[in-house]
Amino acid sequence: MPSTLRMPAEWEGHECTLLAWPTNKDDWPGKFRPIPWVFCEMIRHLSVGERVDLIVPSGCIEEKVRRNLVKARANLDNIHFIHQTLDRGWMRDCSPAFVRRGDAVEAVHFGFNGWAKYDNYQLDATVPERLSESLGLGRVEALHRGRHIVLEGGALDGNGGGTLLTTEECLLHPETQIRNPDFTREDYEVLFRQYLGIEKVIWLGDGIAGDDTHGHVDDLCRFVNPNTVVLCGESDVNDDNYRALAENRERLQGATTARGESIDVVALPMPAPLYFDDTRLPASYANFYIGDEAVLVPTFNDVKDRLALGTLAELFPDRRVVGIHAVDLVWGFGTVHCLSHEVPRLNA
């Protein structure tokens, strides 16, 4: 592995933030009407301080979106439109991973197969190639054991210094939503080193209840600086999340980074269980997005919203910490971080 290969942390400078305008009403059945306005709010806050590259299906849709963004008072000078038809457009998972090799940024093309659950993903799977062209980046095909590696961005969280968080539930479960059949822990650690420059992997256990992706780490635990993570915790012993979150806290005790630094663990609350009909939803404050000037945090009309926002405001004193109403958004089984993806600044 070349020593210059590195996956930048989310809080490092961005060339832009990637989003895809919502068009698939089946992702939010019965709740789609407010979703475009949630996107407008996200774009409004992000476009204050950085460029937003927004995927839309066509020029006709772009004009409609522009009118909505004007109503929302977004900064249209900071919004760049890309025309491409998608199945869903959860950019965290269908985008390439971006790495820095020396002074250059490369797009690492992992495969996307609809979270090993859905059949309609073929259009989303073309996103890495389209974005590489749009951004003018070299693209690296991620292969291991003669196969194209399937890997979603929500399964990973890095500190920019060679340390990565992920979960066994997502990548190593032997029966459910298997992305890469027969891949072992050692296989993943080899490919993380080869394609992302990762020197140390911290394996957590299970993710949160209701997670449609089967254990993505970005609903659970996130780096907020090179040696500090926030970890969701549940105080109700009868809640489905209690045992898994307690076990993950135990796993982090004594954990160190690739550089040998101790990892500080800051508690992040969980909102009260949120349901739509009889379905538990993956509501989590850990699904925040770190923009250049703003941190967007999902909120749930919950008494713990204020505590979560306050905790993150202390950890990001140089950024505005903004709540994004996500009670409707989470019906799509994801919120702010799942929908977005950062592109590292090209000229660092």
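Data block above holds the structure.
Figured I'd write up the structure that's included with this text. Since we're looking at a predicted model, the values are computed, not measured.

The rules behind each value
- Residues numbered from 1 in each chain as written.
- Predicted model: local features only at pLDDT ≥ 70, side-chain atom pairs only at ≥ 80, totals over all residues.
- Heavy atoms only, no water.
- Core = buried A, V, L, I, M, F, W, Y, C linked by side-chain atoms within 4.5 Å.
- Buried < 20%, exposed > 50% of the residue type's maximum accessible area, 1.4 Å probe, protein only.
- Contact = heavy atoms within 4.5 Å.
- Pairing = 2+ DSSP bridges.
- Helix = DSSP H or I, 4+ residues; strand = E, 2+ residues; numbered from the N terminus.
- Right-handed = clockwise from strand over helix to strand, strands pointing away.
- Salt bridge = Lys/Arg side-chain N within 4 Å of Asp/Glu carboxyl O.
- Expected span 1.5 Å × (residues − 1).
- 1 Å grid on protein atoms, 1.4 Å probe; cavity = no way out; pocket = protein on both sides within 12 Å on 5 of 7 lines; lining within 4 Å.
- Points joined across faces, edges and corners; volume = space filled by probe spheres on them.
- Nonpolar A, V, L, I, M, F, W, Y, C, P; charged D, E, K, R; others polar.
- Axes fitted to C-alpha atoms, helices over the stretch in contact; angles between N-to-C directions.

## Considerations on the nonpolar core
Core analysis: the largest hydrophobic core is formed by 86 residues, its most contacted members being Ile 43, Leu 54, Leu 69, Cys 221, Leu 252 and Phe 288. Excluding residues within four positions of it along the chain, Phe 288 makes contact with Glu 10, Arg 222, Val 224, Val 230, Val 295, Leu 296, Val 297, Pro 298, Leu 312, Phe 316 and His 337. Membership of the second largest hydrophobic core comes to 23 residues, among which are Val 108, Phe 110, Tyr 195 and Ile 198.

## A closer look at the pairing of strand 7 (residues 138-141)
Relative to strand 7, strand 6 (residues 104-109) runs parallel, the two sharing 4 bridges. The residue of strand 7 that forms the bridge with Glu 106 is Gly 138. A crossover connection joins strand 6 to the parallel strand 7 through helix 4 (residues 127-135); in handedness this β-α-β unit is right-handed.

## Some points on the pattern of salt bridges
According to the stated counting rule, one finds 22 salt bridges in the structure shown. For the salt bridge of Glu 342 with Arg 92, the shortest nitrogen-to-oxygen distance reads 3.0 Å. Taken as a pair, Glu 342 in strand 21 (residues 341-344) and Arg 92 in helix 3 (residues 91-94) lie far apart in primary sequence, 250 residues in all. An identical accessibility class is assigned to Glu 342 and Arg 92; each is buried. For Arg 139, the salt bridge goes to Glu 141, with nearest N and O atoms at 2.5 Å. Overall, the relative accessible area of 33% leaves Arg 139 in the partly exposed class. Residue class for Glu 141 comes out partly exposed when judged on its relative accessible area of 35%. Each of the salt bridges in this network shares a partner with another, and the network as a whole consists of Glu 10, Arg 92, Asp 157, Arg 222 and Glu 342.

## Comments concerning helix 1 (residues 35-46)
Between its first and last C-alpha, helix 1 extends 17 Å over 12 residues, near the 16 Å set by a 1.5 Å rise per residue. By the criterion of burial, helix 1 is predominantly enclosed, with 9 of the 12 residues buried.

## Considerations on the side chain of Glu 62
Residue placement: Glu 62 occurs in helix 2 (residues 59-71). If we skip the residues at most four places from it in the chain, Glu 62 touches Val 56, Phe 81 and His 83.

## Some details on empty space enclosed by the protein
Where empty space is left becomes clear once a probe the size of a water molecule has been rolled over the atoms. This structure, assessed with the given rule, holds 4 cavities of 30 Å³ or more. Around the largest cavity sit 26 residues that line it, and Met 7, Arg 92, Leu 156, His 341 and Glu 342 are the ones nearest its centre. Among the secondary structure elements, those contributing two or more residues to the lining of the largest cavity are strand 5 (97-101), strand 10 (157-158), strand 13 (221-225) and strand 21. The element best represented in the lining of the largest cavity is strand 21, accounting for 3 residues. For the lining of the largest cavity, the class distribution of residues is 12 nonpolar, 7 polar and 7 charged. When its residues are assigned to classes, the lining of the second largest cavity shows 6 nonpolar, 2 polar and 1 charged.

## Some words on the sheet that holds strand 2 (residues 14-20)
Each strand in a sheet pairs with another by means of backbone hydrogen bonds, the pair being arranged parallel or else antiparallel. The 4 strands lie next to each other as 4-3-2-21, forming an open sheet whose pairing is mixed. The open sheet is flanked by strand 4 (79-83) and strand 21, the only strands paired with a single partner. Across the sheet, the mean angle separating the axes of adjacent strands is 25° when strand polarity is ignored. Relative to strand 4, strand 3 (residues 52-56) runs parallel, the two being bridged by 5 bridges. Directly across from Asp 53, in strand 4, lies its bridge partner His 80. Contacts from helix 2 reach strand 3 and strand 4 within the one sheet, and its direction differs from that of strand 4 by about 155°. Running over the sheet, helix 4 touches strand 2, strand 3, strand 4 and strand 21 and is turned about 135° from strand 4.

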